[in-house]
Amino acid sequence: GEPLPYWRGKIVRIVFAGIATVFFTEIDGNFLRAIIAAYSILLGFSFSVLFNLANQSRPKEPEKRPKKTESLESELRAEKYQKVMSEIFHNVSYFMYVALVLVSFTLVVLICQNQATTGIGLPIYGAPSWLNSLLVSSLIVCKYLSVFAIYFLIAETIGSFFRVS
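All of these numbers come straight from a predicted model, not from anything done at the bench.

1. Focus: the overall build of the protein chain
And step 1. Broken down by element type, the protein chain carries four helices and zero strands.
And step 2. Starting at the N terminus and walking to the C terminus, you meet the elements of the protein chain as α-α-α-α.
And step 3. Of all 165 residues assigned to the protein chain, the portion counted as buried reaches 25%.
And step 4. Considering only intrachain contacts with a sequence separation of at least 6, the fraction spanning at least 24 residues in the protein chain is 92%.
And step 5. As displayed, the protein chain offers around 11,900 Å² of accessible surface, 69% of which is attributable to carbon and sulfur atoms.

In structure tokens form, the structure reads like this:
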């Protein structure tokens, strides 16, 4: 089918992330590690594809260039090919950017999750109770926002991945 317009696609991803956050609030460390492993592998393949696309889009050497006596159809075909290659290059670049942000953010969430399970952090002993309750409530808000961000970035990478293929 035809891809969604830009803002409708973003709204669909935001709605998906919101629904996933409501239903799947607790993210296990194993799930985060799986995200990191899968997207790291996809990033490696994407670098390979990106370098391959960059090598293909370089101008040809003068002796290998086609002669000026080519037909109009072949010139149009070559122009369309360059346009498609450029679009694929930009889509793969965007996928790599979003996947890199997802891996980095997931690493930060995993580190914070591991720190929270060790018991380091709140409550701060000797601090006023209002400060501790404010910090705890802000951590809860940050937890939901980080879960939402992870689901949104997953949806964004999946959307950009299918836009490439």
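2. Some thoughts on the nonpolar core
As a rule of thumb, nonpolar side chains are buried together in soluble globular proteins.
And step 1. Counting 25 residues, the largest nonpolar core has Y39, L102 and I150 as the members making the most contacts within it.
And step 2. Those elements that place two or more of their residues in this core are α1 (6–23), α2 (29–56), α3 (72–117) and α4 (129–164).
And step 3. When residues in this core are grouped by element, the largest group, 10 residues, is from α3.

3. Considering the packing of aromatic side chains
How two aromatic rings sit relative to each other is given by the distance of their centres and the angle of their planes.
And step 1. Under the defined criterion, the tally for this structure stands at two aromatic pairs.
And step 2. Centroid distance F148 to F152: 6.5 Å. Interplanar angle 10°. Geometry classified as stacked. Pair noted here: F148 and F152 are both in helix α4, with a separation of four residues, about one helical turn.

4. Some details on α1
And step 1. Between the first and last C-alpha of α1 there are 26 Å, a value that for 18 residues agrees with the 26 Å anticipated at 1.5 Å per step.
And step 2. When α1 is considered as a whole, its buried residues turn out to be G9, K10, R13, A17, A20 and T21. Along the long axis of α1, the arc covered by the buried residues comes to 105°, so they all point the same way. More than 90 degrees from the buried face of α1, the exposed residues found are W7, R8, I11, V22 and F23.

5. Brief notes about a nonpolar patch on the surface
And step 1. Taken together, the side chains of I11, V15, I19, V22, F23 and F24 define a hydrophobic patch exposed on the protein surface, amounting to about 650 Å² of accessible area.
And step 2. With respect to the secondary-structure elements, F23 resides in helix α1.
And step 3. The exposed category is assigned to F23, whose relative accessible area is 63%.

6. A look at the pattern of salt bridges
When the charged atoms of two side chains with opposite charge come close together, those side chains can pair.
And step 1. A full pass over the atoms with the stated rule returns three salt bridges.
And step 2. For K10, the salt bridge goes to E156, with nearest N and O atoms at 2.4 Å. You can see K10 sitting in helix α1 and its partner E156 sitting in helix α4, a full 146 residues away along the chain. Taken as a pair, K10 and E156 share a single burial class, namely buried.

7. Re the environment of A54
And step 1. Inspection of the secondary structure assignment puts A54 in helix α2.
And step 2. Judged by relative accessible area, which is 29%, A54 ranks as partly exposed.
And step 3. Linking A54 and M85, residues 31 residues apart in sequence, is a C-alpha distance of 9.0 Å.

8. Observations concerning the side chain of R13
And step 1. Here R13 lies in helix α1.
And step 2. For R13, a relative accessible area of 16% puts it in the buried group.
And step 3. Residues contacting R13, with those up to four places away along its chain left out, are F152, A155, E156, G159 and S160.

Analysis parameters
Residues numbered from 1 in each chain as written. Predicted model: local features only at pLDDT ≥ 70, side-chain atom pairs only at ≥ 80, totals over all residues. Heavy atoms only, no water. Helix = DSSP H or I, 4+ residues; strand = E, 2+ residues; numbered from the N terminus. Buried < 20%, exposed > 50% of the residue type's maximum accessible area, 1.4 Å probe, protein only. Contact = heavy atoms within 4.5 Å. Areas by Shrake-Rupley, 256 points an atom, 1.4 Å probe, with all protein chains shown as cover. Core = buried A, V, L, I, M, F, W, Y, C linked by side-chain atoms within 4.5 Å. Phe/Tyr/Trp six-rings, centres within 6.5 Å; stacked < 30°, edge-to-face > 60°. Expected span 1.5 Å × (residues − 1). Arc of directions from axis to C-beta. Patch = residues over 30% accessible without salt bridge, like charges linked within 9 Å, V, L, I, M, F, W, Y side chains within 5 Å. Salt bridge = Lys/Arg side-chain N within 4 Å of Asp/Glu carboxyl O.

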